[in-house]
Structures are given as structure tokens and as C-alpha cells.
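# Examining the three-dimensional arrangement
So the chains spell out like this:
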Amino acid sequence: MTFFTDVTVRGYELDTQGHLNQAVYLQYAEHARWELLRAAGLSQEKLLASGVGPVALEVTVKFARELRGGDRVRVSCRFVYGEGKTFRVEQRILTEDGTTAAEITGVAGMLDLSTRRLIADPAGHLAQLADRPELLEG
């Protein structure tokens, strides 16, 4: 399932050329990931209480279109699970007309906060904790 959240580009996020600073694309992606977890019923507090936290292992951004102050964008987020301790995170930042402004892909895992190691079944662990596990299904 692909989750979406909306963001409006704020003036203080712009660079000297008047478009969205490249680092802010990553902030929007991070915001969408946490909004997906929150919508599924997985607050930071709930994850910490279970002894795990999400960790980004790799992130790639492909910029396709500049964004300017006041632009409204939709940020998607989808977790794609496979075998093993990691999973893919697929995200897009879309303009109001559906044009892709950026693609963010990455590899993530769930870190056991006591051992500082990735847990074996991130999909299962998240589904077990979530109030709405269907939102987490890639």
C-alpha cells in the first residue's frame, strides 16, 4: 500500500536560487515515513517502548523538478519487504498536477535498541505492534 501526506513548501526552506533546498527533500521524505508509522498506530513512544527504532541504511534522491515557495506537494511512502533484516523504502514527491519532483529510495531496518543490531523480521515486528498493519504492507 502506498501512503501519502501533503506538505506546502515554506519560504525558509528555499536556497539562494529560490527553489527548495536539496536537504529539505530528505526532510519531507522523513516526515512522510513518520506520518505513515503514526497512521498505522506506531508512534515514536510505542516503538521505543517495544525496544526498537527505525534506521536508514541507504538513501538515494533523484531530483526531477524544482519546487518553489508555496508549492503544495504530495509525498508518498511505501515499505517493500523481502527476506532478511532490511526492507526498501520507496517515495516520490509529486506536484499538485502529479508531476514527479523527486524520487527517494532507500534501504532501512529496525534496530534493537539494546543490542544495537537489526532485528530479524522487521515486517512481522511492525505488523504485530501496529493498530493498522495494512498501511505497512508494501
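I will try to describe carefully the structure that is included in this document. Since the structure is predicted, the reported quantities are computational estimates derived from the model, not experimental observations.

### Thoughts on the overall build of the protein
- Counting its secondary structure elements, the protein contains 3 helices and 6 strands.
- Reading the secondary structure of the protein in the N-to-C direction produces β-α-α-β-β-β-β-β-α.
- What you see for the protein is a C-alpha radius of gyration of 16 Å, in line with the 14 Å of a compact globule of 138 residues.
- Seen through its principal axes, the protein has C-alpha atoms that stretch 45 × 25 × 25 Å.
- The long-range fraction of contacts in the protein, counting pairs at least 24 apart against all pairs at least 6 apart in sequence, stands at 66%.
- For the protein, the exposed area adds up to about 7,600 Å²; of that, 49% sits on carbon and sulfur atoms.
- With 16 positive and 19 negative side-chain charges, the protein shows a spacing of 1 Å between the two charge centroids.

### Observations concerning the environment of alanine 120
- With respect to the secondary-structure elements, alanine 120 resides in the loop between β6 (117-118) and α3 (122-129).
- In this structure, the C-alpha to C-alpha distance between alanine 120 and glutamate 103, residues 17 residues apart in sequence, is 28 Å.
- Residues within four places of alanine 120 in sequence aside, it is in contact with Gly84 and Lys85.

### Brief notes about helix α1 (residues 22-39)
- The end-to-end C-alpha distance of α1 is 27 Å, a good match for the 26 Å that 18 residues give at a rise of 1.5 Å each.
- Looking at α1, one finds that the buried residues are Val24, Tyr25, Tyr28, Ala29, Ala32, Arg33, Glu35, Leu36 and Leu37.
- Structurally, α1 contributes buried residues whose contacts are with β1 (3-8), α2 (44-49), β2 (52-63), β3 (72-81), β4 (86-95) and β5 (100-112).
- Directly after α1, the chain includes glycine 41, whose backbone phi takes a positive value near 90°.

### Here's the deal with the packing of aromatic side chains
- Under the definition given, this model contains 4 aromatic pairs.
- Seen from their ring centres, tyrosine 25 and phenylalanine 63 are 4.9 Å apart, and the 80° between their planes marks the pair as edge-to-face. Within this pair, whereas tyrosine 25 is found in helix α1, its partner phenylalanine 63 is found in strand β2, the two being separated by 38 residues in sequence.
- Look at tyrosine 25 and you get buried, because its relative accessible area is 3%.
- Accessibility expressed as a relative area gives 46% for phenylalanine 63, which makes it partly exposed.
- An angle of 75° between the planes, with centres 6.4 Å apart, marks the rings of phenylalanine 79 and tyrosine 81 as edge-to-face.
- Among the residues examined, phenylalanine 79 registers a relative accessible area of 5% and is labelled buried.

Quick notes on the rules
Residues numbered from 1 in each chain as written. Predicted model: local features only at pLDDT ≥ 70, side-chain atom pairs only at ≥ 80, totals over all residues. Heavy atoms only, no water. Helix = DSSP H or I, 4+ residues; strand = E, 2+ residues; numbered from the N terminus. Rg over C-alpha atoms; globule rule 2.2 N^0.38 Å. Contact = heavy atoms within 4.5 Å. Areas by Shrake-Rupley, 256 points an atom, 1.4 Å probe, with all protein chains shown as cover. Lys, Arg positive; Asp, Glu negative; His and termini not counted. Charge placed at Lys NZ, Arg CZ, Asp CG, Glu CD. Expected span 1.5 Å × (residues − 1). Buried < 20%, exposed > 50% of the residue type's maximum accessible area, 1.4 Å probe, protein only. Phe/Tyr/Trp six-rings, centres within 6.5 Å; stacked < 30°, edge-to-face > 60°.

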